[in-house]
Amino acid sequence: MNIQDIFEALEDDSKNSGLGIICGELEFQGYLVAIDGQPVNSTGFYNNEYPHLEQQTEPFSFTLYNKGEIEQEFILEFIDYHEIILKRKPI
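These remarks concern the structure in this document. Bear in mind the structure is a predicted one, so any value in this text is a computation, not a measurement.

Some thoughts on the sheet that holds strand E2 (residues 38-40)
Alright, step 1. Strands sit in the order E2-E1-E3-E4-E5 across an open sheet of five strands; the sheet is antiparallel. If you trace the sheet from one side to the other, it starts and ends with E2 and strand E5 (83-88), each paired once. Within this sheet the neighbouring strands show an average axis-to-axis angle of 35°, counted without direction.

Written out as structure tokens, the structure reads:
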């Protein structure tokens, strides 16, 4: 996962859903994405299919899949509009 590309994508698009932007960038990098155990995609965020996630104020648990296998897991927290903190998911 290229973290810098995520930060740049958020910076470049100040109008759309932060979660949608992040998912779109991760999809571009070749991953399937699950947030809090739910498979999601960027189109779903732009079509308002995940309002419960958009309204969530607690950190998100991301799981990235590559070729059907879990490749990475991390915690993402919004600290401001399009400003995030990424943390390693506790084991």
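Some remarks on unusual backbone geometry
Alright, step 1. Of note in the backbone geometry, Asp 36 takes a positive phi value of approximately 50° without being a glycine.
Alright, step 2. Within the fold, Asp 36 resides in the loop between strand E1 (32-35) and E2.
Alright, step 3. A residue is classified by how much of its surface remains accessible, and Asp 36, at 38% relative accessible area, is partly exposed.
Alright, step 4. With phi around 60°, Asn 48 is a residue other than glycine that occupies positive phi space.
Alright, step 5. Within the secondary structure, Asn 48 sits in the loop between helix H3 (42-46) and helix H4 (51-55).
Alright, step 6. We classify Asn 48 as exposed; its relative accessible area is 53%.

A look at the pattern of salt bridges
Alright, step 1. One pass over the full model with this rule turns up two salt bridges.
Alright, step 2. Where Lys 89 meets Glu 73, a salt bridge forms, and the shortest distance between an N and an O atom there is 3.5 Å. Taken together, the positions of Lys 89 in the segment after E5 and Glu 73 in strand E4 (residues 69-80) put the pair 16 residues apart, joining distant regions of the chain.
Alright, step 3. The class of Lys 89 is partly exposed, set by a relative accessible area of 28%.

Quick look at a negative patch on the surface
Alright, step 1. A contiguous patch of negative charge on the surface is contributed by Glu 8, Glu 11, Asp 12, Asp 80 and Glu 83.
Alright, step 2. On the secondary structure map, Glu 83 appears in strand E5.

Let's talk about the nonpolar core
Alright, step 1. In terms of nonpolar packing, the biggest core is built from 21 residues, with Leu 26, Ile 35 and Phe 62 touching the most fellow members.
Alright, step 2. Those elements giving two or more residues to this core turn out to be helix H1 (3-12), helix H2 (18-28), E1, strand E3 (60-66) and E4.
Alright, step 3. Looking at which element gives the most residues to this core, the answer is H2, with five residues.
Alright, step 4. Beyond its immediate chain neighbours, meaning those up to four positions away, Ile 35 contacts Leu 19, Cys 23, Val 40, Phe 45, Leu 53, Phe 60, Ser 61 and Phe 62.

A word on the environment of Leu 19
Alright, step 1. Structurally, the position occupied by Leu 19 is in helix H2.
Alright, step 2. When the C-alpha positions of Leu 19 and Phe 78 are compared, they lie 9.6 Å apart, and in sequence the two are 59 residues distant.
Alright, step 3. Setting aside residues no more than four positions away along its own chain, Leu 19 makes contact with Ile 35, Phe 45, Leu 53, Glu 54, Phe 60, Phe 62 and Phe 78.

Each value, and the rule that gives it
Residues numbered from 1 in each chain as written. Predicted model: local features only at pLDDT ≥ 70, side-chain atom pairs only at ≥ 80, totals over all residues. Heavy atoms only, no water. Pairing = 2+ DSSP bridges. Helix = DSSP H or I, 4+ residues; strand = E, 2+ residues; numbered from the N terminus. Axes fitted to C-alpha atoms, helices over the stretch in contact; angles between N-to-C directions. Buried < 20%, exposed > 50% of the residue type's maximum accessible area, 1.4 Å probe, protein only. Salt bridge = Lys/Arg side-chain N within 4 Å of Asp/Glu carboxyl O. Patch = residues over 30% accessible without salt bridge, like charges linked within 9 Å, V, L, I, M, F, W, Y side chains within 5 Å. Areas by Shrake-Rupley, 256 points an atom, 1.4 Å probe, with all protein chains shown as cover. Lys, Arg positive; Asp, Glu negative; His and termini not counted. Charge placed at Lys NZ, Arg CZ, Asp CG, Glu CD. Core = buried A, V, L, I, M, F, W, Y, C linked by side-chain atoms within 4.5 Å. Contact = heavy atoms within 4.5 Å.

Note that every value here comes from positions in space, so none of it alone points to a role or purpose.
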